[in-house]
Amino acid sequence: MWPSGRLHLPESDHAAATAAAKAAMAEQSGWYEPDMADVNDRLVDIACEARASLTRKGDWVEFDHDDEGDPKWSNQAMAFYPAIAPFVRSGVVHIEGEDGARWSYAYTDGQMTQQGWNGWDGSVEPFGEYVDPS
């Protein structure tokens with residue numbers, strides 16, 4: 001999967017956003033275990049678990065695909081995006097799945113909405129029910 005986009009996430013909220021993402025991801029089964037990770041103090045450190053690469057530029061974080069490993073979508077990756085929502089002022093992250101499906105997460109004033117059909121689980125909202133795309 002290939003994420004891209006830019007979010008206004010003030011640097012002052014970075015630690016809280018990281019803690020929220022770590023907690024949300026730890027609640028889902030998968031390969032990410034916060035207590036076992038070598039480095040996980042910043043969103044930049046744990047973004048690879050959300051199948052992304054992050055770059056901080058002032059109060060903005062930019063998303064790109066993770067060049068390391070095999071970037072597969074998972075419940076842990078999905079948990080990352082709504083978990084950071086309370087700390088994001090604005091922006092959009094676009095996702096392209098391995099099958100070519102495209103969806104995005106739009107953030108406004110601490111809220112997040114999914115736009116489009118998630119090709120991994122077939123939902124139109126994070127952790128939602130399957131919806132036939134036709």
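Higher on the page you've got the structure.
Right, let's walk through the structure included here. (Residues numbered from 1 in each chain as written. Predicted model: local features only at pLDDT ≥ 70, side-chain atom pairs only at ≥ 80, totals over all residues. Heavy atoms only, no water.)

**A short note on the sheet that holds strand β6 (residues 111–116)**
Piece 1. The six strands lie next to each other as β2-β3-β1-β4-β5-β6, forming an open sheet whose pairing is antiparallel. Each edge of the open sheet is held by one strand with a lone partner, namely β2 (52–57) and β6. Averaged over all pairs of adjacent strands, the angle between their axes in this sheet comes to 15°, without regard to strand direction.
Piece 2. Where strand β4 (residues 90–96) lies against strand β5 (residues 102–108), seven bridges are found, and the strand directions are antiparallel. (Pairing = 2+ DSSP bridges. Helix = DSSP H or I, 4+ residues; strand = E, 2+ residues; numbered from the N terminus. Axes fitted to C-alpha atoms, helices over the stretch in contact; angles between N-to-C directions.)

**Observations concerning the packing of helix α1 (residues 14–26) against helix α3 (residues 75–83)**
Piece 1. The N-to-C vectors of α1 and α3 enclose an angle of 145°; their axes lie 8 Å apart at closest approach. In the crossing of α1 with α3, the sense of the turn from one axis to the other is right-handed. Contacts between α1 and α3 involve Ala-20, Ala-21, Ala-24 and Met-25 from the first element and Gln-76, Ala-79, Phe-80 and Ala-83 from the second.
Piece 2. Of the residues assigned to the contact of α1 with α3, the class counts are seven nonpolar, one polar and no charged. (Left-handed = near helix turned anticlockwise from the far one by under 90°. Contact = heavy atoms within 4.5 Å. Nonpolar A, V, L, I, M, F, W, Y, C, P; charged D, E, K, R; others polar.)

**Some thoughts on the pairing of β2**
Piece 1. Pairing between β2 and strand β3 (residues 60–65): six bridges, direction antiparallel. What sits directly across from Leu-54, in β3, is Phe-63.
Piece 2. In this antiparallel pair of consecutive strands, β2 and β3, the connection spans two residues, and Gly-58 shows a positive phi of 65°.

**Considering the side chain of Ser-123**
Piece 1. Counting through the fold element by element, Ser-123 comes out in the segment after β6.
Piece 2. At 2.8 Å, the side chain of Ser-123 and the backbone oxygen of Glu-125 are in polar contact.
Piece 3. Not counting chain neighbours up to four residues away, the residues in contact with Ser-123 comprise Gln-114, Gly-116, Trp-117, Asn-118, Gly-128 and Glu-129. (Polar contact = N/O pair within 3.5 Å; in protein donor to acceptor, adjacent residues only side chain to side chain.)

**Comments concerning the environment of Tyr-81**
Piece 1. By the element assignment, Tyr-81 lies in helix α3.
Piece 2. Relative accessible area serves as the criterion here: at 0%, Tyr-81 is assigned to the buried category.
Piece 3. Each C-alpha atom of the pair Tyr-81 and Thr-113 lies 10.0 Å from the other, and the pair is 32 residues apart in sequence.
Piece 4. A distance of 3.1 Å separates the side chain of Tyr-81 from the backbone oxygen of Ala-50, its partner in a polar contact. (Buried < 20%, exposed > 50% of the residue type's maximum accessible area, 1.4 Å probe, protein only.)

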